[in-house]
Amino acid sequence: MPKLRVHNLAMSVDGYVAGPDQSLDAPLGVGGERLHDWAMVTRSFRTAHGMGDEGETGTDDDYIARGTTGIGATVMGRNMFSPYRGPWEGEAAEWTGWWEDEPPFHHPVFVLTHHPRPPLVLADTTFHFVRDGIEDALRQAYDAAGGLDVRLGGGADTVRQYLRAGLVDELHVAIVPILLGAEERLFEDVGGPDGYECVEHVASAGVTHVVFARRTG
């Protein structure tokens, strides 16, 4: 049965997945880019983002690669796709994501939004803008995935919504040894963890990988 999976969600040791004062120039907030230093040097990340096929291998690279294996569609929040809020007008209407002309997804992507926007096609990725809530976006993603799993992207609020609804089957968090102090906290108001268990706990040179899976039975 297809699953909803969260992969490579980088989090500071004080629980934040973005820093304070997010802006167009600092989409992850002040200091937030440090959350992803470990990923950006891996071979899998660099290959997926058109940065060449050289990079570090090993534990971190293995986890990055797992994030695309068996995935047929992605769901993400508007904050992950765009820095703009409100109707898709003016500069917001011209925005095509953070990934330029060739996004790294290579499958359908469903973006949560409150405002209508027609689908956006970039290379082999089509972005669909869904106004009817998280469950409708997930239904559409499962349909588009053709039996494969669906990956859930950020931001933190989007992941929290799906966790609160009990829809996440697997959650991989990469805990980065930095302090951010404020802004987007991952596990804010998501309820008790009784429905999940830790199935992996692996430390690399730079981060600690923790994977939670839905309890069976």
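Just so it is clear, the model here is predicted, and its values are computed rather than measured. (Residues numbered from 1 in each chain as written. Predicted model: local features only at pLDDT ≥ 70, side-chain atom pairs only at ≥ 80, totals over all residues. Heavy atoms only, no water.)

1. Observations concerning the pattern of salt bridges
For step 1, the next point in the chain: This model, assessed by the stated rule, comprises nine salt bridges.
For step 2, the next point in the chain: Where Arg139 meets Asp136, a salt bridge forms, and the shortest distance between an N and an O atom there is 2.6 Å. A residue pair is termed a helical-turn pair when its members lie 3 or 4 positions apart in one helix, as Arg139 and Asp136 do in helix α6 (residues 134-145) at three residues.
For step 3, the next point in the chain: With relative accessibility at 16%, the residue Asp136 sits in the buried group. (Salt bridge = Lys/Arg side-chain N within 4 Å of Asp/Glu carboxyl O. Helix = DSSP H or I, 4+ residues; strand = E, 2+ residues; numbered from the N terminus. Buried < 20%, exposed > 50% of the residue type's maximum accessible area, 1.4 Å probe, protein only.)

2. Quick word on the packing of aromatic side chains
A ring pair, where both rings are aromatic, is described by two values, the distance of the centres and the angle of the planes.
For step 1, the next point in the chain: In this structure the tally under the stated criterion is ten aromatic pairs.
For step 2, the next point in the chain: Ring geometry for Trp99 versus Phe105: centroids 5.1 Å apart, planes at 80°, classification edge-to-face. Judged on exposure class, the residue Trp99 and its partner Phe105 are both buried.
For step 3, the next point in the chain: Counting every residue linked through ring pairs, the aromatic cluster contains Phe81, Trp88, Trp99, Phe105, Phe127 and Phe129.
For step 4, the next point in the chain: Lying over the aromatic face of Trp88, Arg117 brings its terminal NZ or CZ to 4.7 Å of the ring centre. (Phe/Tyr/Trp six-rings, centres within 6.5 Å; stacked < 30°, edge-to-face > 60°. Lys NZ or Arg CZ within 6 Å of the ring centre and 35° of its normal.)

3. So, the side chain of Asp60
For step 1, the next point in the chain: Turning to its location among the elements, Asp60 is positioned in helix α3 (residues 59-66).
For step 2, the next point in the chain: Of the side chains bearing the opposite charge, Arg66 lies closest to the buried Asp60, which forms no salt bridge; the N-O distance is 11 Å.
For step 3, the next point in the chain: For Asp60, the side chain forms a polar contact with the side chain of His209, separated by 2.7 Å.
For step 4, the next point in the chain: When neighbours within four sequence positions are excluded, Asp60 is seen to be in contact with Trp38, Thr42, Ser204, Val207 and His209. (Lys, Arg positive; Asp, Glu negative; His and termini not counted. Polar contact = N/O pair within 3.5 Å; in protein donor to acceptor, adjacent residues only side chain to side chain. Contact = heavy atoms within 4.5 Å.)

4. Focus: unusual backbone geometry
For step 1, the next point in the chain: Cis rather than trans, the peptide bond between Gly154 and Gly155 has omega equal to 5°.
For step 2, the next point in the chain: With respect to the secondary-structure elements, Gly155 resides in the loop between β7 (149-152) and α7 (156-164).
For step 3, the next point in the chain: Its identity is not glycine, yet Asn8 carries a phi of approximately 55°, on the positive side.
For step 4, the next point in the chain: As for its position among the elements, Asn8 is in strand β1 (residues 4-12).
For step 5, the next point in the chain: Although it is not a glycine, Ala123 adopts a positive phi angle of roughly 55°.
For step 6, the next point in the chain: For Ala123, a relative accessible area of 53% gives the class exposed.

5. Notes on the pairing of strand β8 (residues 170-176)
Successive side chains on a regular strand alternate, one facing one side of the sheet and the next facing the other.
For step 1, the next point in the chain: By the criterion of burial, β8 is predominantly enclosed, with six of the seven residues buried.
For step 2, the next point in the chain: The sheet contact formed by β1 and β8 spans six bridges and is parallel. Paired with Met11 across the bridge in β8 is Ile175.
For step 3, the next point in the chain: Looking at chain direction, β8 and strand β11 (residues 208-214) are connected through six bridges and run antiparallel. Opposite Val173, over in β11, you have Val210 as the bridge partner. (Pairing = 2+ DSSP bridges.)

6. Points about the environment of Gly31
For step 1, the next point in the chain: When you line up the elements, Gly31 lands in the loop between β2 (16-18) and α1 (37-40).
For step 2, the next point in the chain: Judged by relative accessible area, which is 14%, Gly31 ranks as buried.
For step 3, the next point in the chain: Measuring from C-alpha to C-alpha, the distance between Gly31 and Pro20 comes to 8.1 Å, with eleven residues separating the pair along the chain.
For step 4, the next point in the chain: For Gly31, the contacting residues outside a window of four places in its chain are Ile178 and Leu180.

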